[in-house]
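Overview (structure and organization)
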Amino acid sequence: MKEDFLKYQAQTSPYPLAMEVSYAKGSYIFDTKGKKYLDFVAGVSACSLGHQHPRVNQAIKDQLDKYSHVMVYGEYAQHPAVEFCKLLAENMPEPLNKTYLVNSGTEATEGALKLARRVTGRSHLVSCHNAYHGNTMGSMSVMGFEERKQVFRPLLPDVDFITFNNEEDIQKITTKTAGVILESIQGGAGFIQPENGFLRKIKERCDEVGALLIIDEIQPGFGRTGKLFGFENYEVVPDIVIMGKGMGGGMPVGAFTAKAEYMDLLSNNPKLGHITTFGGHPVIAAACLATLREVTETNLIPQTLVKEKLFRELLVHPLIQEVRGKGLMLAAMVETPEITNEVIFKCQDKGLILFWLLFEGRAIRITPPLTISEEEIREGCAIMLEALDELAMG
């Protein structure tokens, strides 16, 4: 299978890990040789309830027995999508009450950028250095990492970049700005949290000049940071929220939410302002609804902070300089990218899955399922410390 994987399936890097997967269950993935791996990555934050969660699986199976795709998005009322959007509105602060369902986080970014321009009638966009909001052309235009996008230029014009947590840069948001797009916690940059009310100050500037604040919750959202959405930790309510990854419990999905007055603009002047065939797919929406119910009806969200504390207590080692992030969106920071690589490869050999961040080579990603147990956290951290000890001893 590995040979066929490399021969027939397009790759994203020259050296993929190429683990041959047999099945996955709970916090573990099993390869075709029967080896068991504890998953500290959760499909890069997407498998928020672990693998094969019974509530999500049952919702998918039940919906498959009723109907799958029947009509393009926005034409028919389909129970799973309607119920999901309604429950989401009930769990979001006012006035965020209307949601457009799409197929991925990057498509949600595209829709949000379009909406900001449609609402304001302006073109100027502001993003952050080392930001990541997806990899399609519009999303790449607001990616703050030139090395990854230079060969694809020209991209969207009229985009400026500021530095996350740099208050002096806030003045770059002007009366020409349509939207400012920020992650509530910068992901690819190294799980950097906003400081000194940075998000709130950005929102105040947006209100002052008539721009919209777009907060990207694709990775922090759906309980990973101790709140349903990361922005709730920082005393700010954005104009548009982008989401994806963990919202589907492992299924491919994205969405953007704003107040109805804004969202309704996409349906007229012109009509079909944003369209998608498979957005709101009933089987995917059923998985989203089951996931949202599970995280809001249980103690999983507050437990992320308890589990974060345990990680911080356990991950003490001379080679770990600090642990960044919040909840179960954590990054163990080491001195060099070479150490990161060694730890990730050693841990995979020992049965623990870790991964990289997009732009910060010194970061070791730790984003396990929200359902991970304390026993599993201790098991994985012991493997990490063993690998670090081996590196320290040379």
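The structure displayed is predicted, hence computed values, not measured ones. The residue numbers shown here count from 1 along each chain, following its written sequence. At least 70 in pLDDT is required for a residue's local features to be given in this predicted model, at least 80 for side-chain atom pairs to be given and counted, and no such filter applies to totals for whole chains, interfaces and linings, which use all residues. Each side-chain value is derived from all of the structure's non-hydrogen atoms; neither hydrogens nor water enter the calculation.

Nine residue types can take part in a nonpolar core, namely buried Ala, Val, Leu, Ile, Met, Phe, Trp, Tyr and Cys, and a core is a set of them joined through side-chain atoms within 4.5 Å. Note on classification: 1.4 Å probe, protein chains only; a residue is buried when its accessible area is under 20% of the maximum for its type, exposed when over 50%, partly exposed between these limits. Judged by nonpolar contacts, the single largest core of 88 residues is most densely connected at Phe 84, Ile 202 and Leu 354. Under the DSSP-based scheme used, a helix requires at least four consecutive residues in state H or I and a strand at least two consecutive residues in state E, with every element numbered from the N terminus. No other element matches the ten residues that helix H9 (residues 282-297) contributes to this core. Leave out the neighbours within four places in its chain, and Ile 202 touches Ile 162, Ile 170, Ile 173, Val 180, Leu 182 and Leu 213. Counting 23 residues, the second-largest nonpolar core is a separate cluster that includes Ala 108, Val 159, Ala 178 and Leu 266. By definition, residues are in contact when any of their heavy atoms lie within 4.5 Å.

Turning our eyes to something else, we now look at the pattern of salt bridges. Here a salt bridge means any side-chain nitrogen of Lys or Arg lying within 4 Å of a carboxyl oxygen belonging to Asp or Glu. This model, assessed by the stated rule, comprises 18 salt bridges. Across the salt bridge formed by Asp 264 and Lys 98, the nearest N and O atoms sit 2.7 Å from each other. Residue Asp 264 is found in the loop between helix H8 (260-263) and H9, and its partner Lys 98 is found in strand E4 (residues 98-102); the two are separated by 166 residues along the sequence. With relative accessibility at 32%, the residue Asp 264 sits in the partly exposed group. For Asp 207, the salt bridge identified is with Lys 203, shortest N-O distance 2.6 Å. With Asp 207 and Lys 203 both in helix H7 (residues 198-209) and four residues apart, the pair spans about one turn of that helix. Counted as one network, the salt bridges with shared partners bring together Lys 346, Lys 350, Glu 386 and Glu 390.

What follows concerns the packing of helix H10 (residues 300-314) against helix H12 (residues 374-392). To obtain each axis, a line is fitted to C-alpha atoms, and for helices this fit is confined to the stretch in contact; angles are then taken between N-to-C directions over 0 to 180 degrees. Viewed as axis vectors pointing N to C, H10 and H12 meet at an angle of 25 degrees, and their least axial separation amounts to 10 Å. When the axes of H10 and H12 are compared, the pair comes out roughly parallel. The handedness of the crossing between H10 and H12 is right-handed. Along the contact surface, H10 presents Val 306, Lys 307, Leu 310, Phe 311 and Leu 314, while H12 presents Glu 374, Ile 377, Arg 378, Cys 381 and Leu 385. Of the residues belonging to the contact of H10 with H12, the class tally is seven nonpolar, no polar and three charged. In this scheme, roughly parallel covers angles under 35 degrees and roughly antiparallel covers those over 145, while 65 to 115 is roughly perpendicular and the rest are oblique. Crossing chirality is assigned from the near helix's rotation relative to the far helix, an anticlockwise turn below a right angle marking it left-handed and a clockwise turn marking it right-handed. Asp, Glu, Lys and Arg are counted as charged, while Ala, Val, Leu, Ile, Met, Phe, Trp, Tyr, Cys and Pro are counted as nonpolar; the rest, among them Gly, fall into the polar class.

Take the packing of aromatic side chains next. Pairing of aromatic side chains here covers Phe, Tyr and the six-membered ring of Trp, requires ring centres within 6.5 Å, and sorts the geometry by plane angle: under 30 degrees stacked, over 60 edge-to-face, intermediate tilted. A full pass over the atoms with the stated rule returns eleven aromatic pairs. Relative to Phe 311, the ring of Phe 40 lies with its centre 5.3 Å away and its plane at 75 degrees, an arrangement referred to as edge-to-face. Here Phe 40 is found in the loop between strand E3 (36-39) and helix H2 (42-45), whereas its partner Phe 311 is found in helix H10, with 271 residues between them in sequence. One exposure class covers both Phe 40 and Phe 311, and it is buried.

A few words on helix H3 (residues 54-64). Within H3, burial applies to Val 56, Ala 59, Ile 60 and Gln 63. Each buried residue of H3 lies within a common arc of 100 degrees when the element is viewed along its axis, so the set occupies one face. Those residues of H3 that are buried lie in contact with helix H4 (79-90) and H9. What the arc covers is the set of directions going from the helix axis to the C-beta atoms.

Take the sheet that holds strand E6 (residues 159-162) next. Two strands are counted as paired when DSSP detects at least two bridges linking them. Taking strand neighbours across the sheet as the criterion, the seven strands line up as E4-E10-E9-E8-E7-E5-E6 in an open arrangement whose pairing is mixed. Every other strand in the sheet has two partners, leaving E4 and E6 as the edge strands with one partner each. For this sheet the average axis-to-axis angle between neighbouring strands, irrespective of direction, equals 20 degrees. Sheet topology note: the strand E7 (residues 177-183)/strand E8 (residues 212-216) ladder contains five bridges and is parallel. Across the sheet, Gly 179 pairs through a bridge with Leu 212, a residue of E8. Its contacts with the sheet put H4 on E4, strand E9 (240-243) and strand E10 (254-258), and the angle it makes with E4 is roughly 135 degrees.

One can expect most non-glycine residues to show negative phi and most peptide bonds to be in trans. A cis amide bond links Glu 94 with the next residue in sequence, Pro 95, at an omega value of 5 degrees. Of note, Pro 95 is situated in the loop between H4 and E4. A cis geometry characterises the amide bond from Asn 269 onward to Pro 270, with omega recorded as 5 degrees. Among the structural elements, Pro 270 can be located in the loop between H8 and H9. Look at Val 44: it is not a glycine, yet its phi comes out positive at around 55 degrees. Turning to its location among the elements, Val 44 is positioned in helix H2.

Inspection of the secondary structure puts Asn 233 in the loop between E8 and E9. In the structure, Asn 233 is positioned 93 residues away from Lys 326 in sequence and 9.8 Å away in space, judged by C-alpha atoms. Apart from residues lying up to four places away in sequence, Asn 233 is in contact with Thr 225, Lys 227 and Lys 326.

Moving on to the packing of H3 against H9. Between H3 and H9, the least distance of the axes is 8 Å, while the angle of their chain directions is 150 degrees. One finds that H3 runs roughly antiparallel with respect to H9. Seen along the crossing, H3 lies across H9 with a hand that is right-handed. Contacts between H3 and H9 involve Arg 55, Val 56, Ala 59, Ile 60, Gln 63 and Leu 64 on the former and, on the latter, Pro 282, Val 283, Ala 286, Ala 287, Ala 290, Thr 291, Arg 293, Glu 294 and Glu 297. In terms of residue class, the contact of H3 with H9 is built from nine nonpolar, two polar and four charged.

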